[in-house]
Amino acid sequence: QVQLVESGGGLVQAGGSLRLSCAASGRTFGSYIMGWFRQAPGKERELVARITWGGNSTFYAYSVEGRFTISRDNAKNTVYLQMNRLKPEDTAVYYCNTLPTLEHYWGQGTQVTVSS
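Since this is a predicted model, take the numbers as computed values, not measurements. (Residues numbered from 1 in each chain as written. Predicted model: local features only at pLDDT ≥ 70, side-chain atom pairs only at ≥ 80, totals over all residues. Heavy atoms only, no water.)

Caption draft 1: The arrangement of the pattern of salt bridges in detail. One pass over the full model with this rule turns up three salt bridges. Linking D90 and R38 is a salt bridge whose minimum nitrogen-to-oxygen distance equals 2.9 Å. Of this pair, D90 sits in the loop between β8 (78-83) and β9 (92-99) while R38 sits in strand β4 (residues 33-39), and the two are 52 residues apart along the sequence. Grouping residues by exposure puts D90 and R38 together as buried. Across the pair R67 and D90 runs a salt bridge whose closest N-O atoms are separated by 2.7 Å. Of this pair, R67 sits in the loop between β6 (58-60) and β7 (68-73) while D90 sits in the loop between β8 and β9, and the two are 23 residues apart along the sequence. D90 shares its class with R67; the two are buried. Here the salt bridges do not stand alone but share partners, grouping R38, E46, R67 and D90 into one network. (Salt bridge = Lys/Arg side-chain N within 4 Å of Asp/Glu carboxyl O. Helix = DSSP H or I, 4+ residues; strand = E, 2+ residues; numbered from the N terminus. Buried < 20%, exposed > 50% of the residue type's maximum accessible area, 1.4 Å probe, protein only.)

Have a look at this one:
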């Protein structure tokens, strides 16, 4: 069974950058579409970006489009989320998963905190 481990979060000032990684253990991603999600306190988890296996098709939520970039390295079984020009409203726990999501693929997430 694939396990997904998110990393790369931290505390940054507004306007700063972070790169998140999602590494698979146990098995590979295969041909799955992969997505990054985030959940802020008191809010539901939301999709912020997704990418196809070949990397030729991506989607971004309007709130992050132009600032975030999703990518994947299938050889390393890893997906990334480059986050630039971060805003305080980006503060959340970030998760990765396949699309459609699978409950047993949710990891611990990685905390991103953006100070004003």
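Caption draft 2: Fine view of the environment of L20. Take L20: it is sitting in strand β3 (residues 18-25). In this structure L20 touches S7, G8, G9, W36, V79, Y80, L81, M83, Y94, T110 and V112, once residues within four positions along its chain are discounted. (Contact = heavy atoms within 4.5 Å.)

Caption draft 3: Region of interest: the packing of aromatic side chains. For the coordinates displayed, the defined rule picks out two aromatic pairs. Seen from their ring centres, F37 and W106 are 5.2 Å apart, and the 75 degrees between their planes marks the pair as edge-to-face. Of this pair, F37 sits in strand β4 while W106 sits in the loop between β9 and β10 (110-115), and the two are 69 residues apart along the sequence. What makes F37 buried here is its relative accessible area of 8%. Look at Y95 and W106: their rings are 5.9 Å apart centre to centre, the planes differ by 85 degrees, and that puts the pair in the edge-to-face class. Pair noted here: Y95 is in strand β9 and W106 is in the loop between β9 and β10, with a separation of eleven residues, a long-range link. Note on W106: relative accessible area 19%, which makes it buried. Site record: aromatic cluster; members linked through ring pairs are F37, Y95 and W106. Positioned above the aromatic ring of W106 is the side chain of R45, whose terminal nitrogen or guanidinium carbon lies 3.7 Å from the ring centre. Across the ring face of F59, the terminal group of R50 is positioned such that the distance to the ring centre comes to 4.3 Å. (Phe/Tyr/Trp six-rings, centres within 6.5 Å; stacked < 30°, edge-to-face > 60°. Lys NZ or Arg CZ within 6 Å of the ring centre and 35° of its normal.)

Caption draft 4: Molecular detail of the nonpolar core. Counting residues in hydrophobic clusters, the biggest one holds 28 residues, and the most contacted among them are L4, W36, L81, M83 and Y94. Sorting the residues of this core by element identifies β3, β4, β5 (46-51), β7, β8, β9 and β10 as the ones contributing at least two each. No other element matches the four residues that β3 contributes to this core. With residues up to four places along the chain from it excluded, the contact list for L81 reads L18, R19, L20, W36, V48, A49, F68, T69, I70 and Y94. (Core = buried A, V, L, I, M, F, W, Y, C linked by side-chain atoms within 4.5 Å.)

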